[in-house]
Amino acid sequence: MKLTEEIKKYIEKSVLCWLATSSNDNIPNVSPKEVFIHHGTSNIIIANIASPQTVQNIKQNKNVCISFIDVLIQKGFQIKGNAEIIGEIDPEFSQMEKALTTLTHDKFPFATITKIEIQQVKPIIAPKYLLYPETTEKEQIESAKKTYGL
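Residues numbered from 1 in each chain as written. Predicted model: local features only at pLDDT ≥ 70, side-chain atom pairs only at ≥ 80, totals over all residues. Heavy atoms only, no water.

**Quick notes on helix α5 (residues 137-148)**
Applied cut-off: A run of DSSP states H or I qualifies as a helix once it reaches four residues; a run of E qualifies as a strand once it reaches two. Both are numbered from the N-terminal end. For a helix, the expected span equals 1.5 Å multiplied by the residue count minus one.
If you check α5, its first and last C-alpha atoms are 16 Å apart, about what 12 residues at 1.5 Å a residue would give, namely 16 Å. G149 sits one or two positions beyond α5 and adopts a positive phi of about 70 degrees.

Right, here's the structure in full:
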């Protein structure tokens, strides 16, 4: 499945994403990730900065779910896919590292990268848009700013 321009836009606007993994024993783990970017036509890559459980789970079970939203508009995406851990010896590591260090400005070292190949995409939308279809994004932003004290 390919990344659409809308998905790319939400990835670029999102401050955090949440990566869900599971061990072979079906023990779930959800971890916030700050350094992530779309890569190529159908991948998302994430710097593994302090993620030993995430890395261990992916080595056992490649099925993952990642979610990200624009917190003010309260829309985003849930993406399910297959993950792999890319290490410094992998040929594609260097190119991915360059893309991710543009976000970190070399302030957060990482030795591995999680590469997620997209399998399924589902929009995330705040219930207010569904319950009150006349809700505009501008109104939602104003409401969120008030709620968050911004």
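**Focus on the nonpolar core**
As a rule of thumb, nonpolar side chains are buried together in soluble globular proteins. The line we're drawing: As used here, the term nonpolar core means buried Ala, Val, Leu, Ile, Met, Phe, Trp, Tyr and Cys residues forming a set that is joined through side-chain atoms within 4.5 Å. Burial status follows relative accessibility: with a 1.4 Å probe on protein chains alone, a residue under 20% of its type maximum counts as buried, one over 50% as exposed, and anything between as partly exposed. The contact criterion used is simple: two residues touch if any of their non-hydrogen atoms lie within 4.5 Å.
One finds I44, I46, I66, F68 and I79 to be the most contacted residues of the largest nonpolar core, which totals 23 residues. Secondary-structure elements contributing two or more residues to this core are α1 (5-13), β1 (17-22), β4 (43-48), α2 (52-60), β5 (63-70), β6 (75-87) and β7 (112-125). The dominant element in this core, judged by the number of residues it contributes, is β6, at 4 residues. Those residues within four positions of I79 in sequence are excluded, and the remaining contacts are I7, I44, V64, C65, I66, F68, I118, Q120 and V121. Counting 10 residues, the second-largest nonpolar core is a separate cluster that includes V35, A47, F93 and F110.

**Looking at the state of the cysteines**
Each disulfide consists of a covalent bond between the sulfur atoms of two cysteine residues. Here is the rule: By disulfide we mean two sulfur atoms from cysteines, separated by a distance within 2.5 Å.
In the structure shown here, the tally under the stated rule is 0 disulfides. C65 supplies the cysteine sulfur nearest to C17, a cysteine that is in no disulfide, at a spacing of 10 Å. With relative accessibility at 0%, the residue C17 sits in the buried group.

**Points about the pattern of salt bridges**
Heads up, the condition is: By definition, a salt bridge exists where a carboxyl oxygen of Asp or Glu is found within 4 Å of a side-chain nitrogen of Lys or Arg.
Within this structure, the stated rule accounts for 4 salt bridges. Its salt-bridge partner being K115, residue E92 comes within 3.2 Å of it at the nearest N-O pair. Here K115 lies in strand β7 and E92 lies in the loop between β6 and α3 (93-104), a separation of 23 residues in the sequence. A relative accessible area of 15% means that K115 is categorised as buried.

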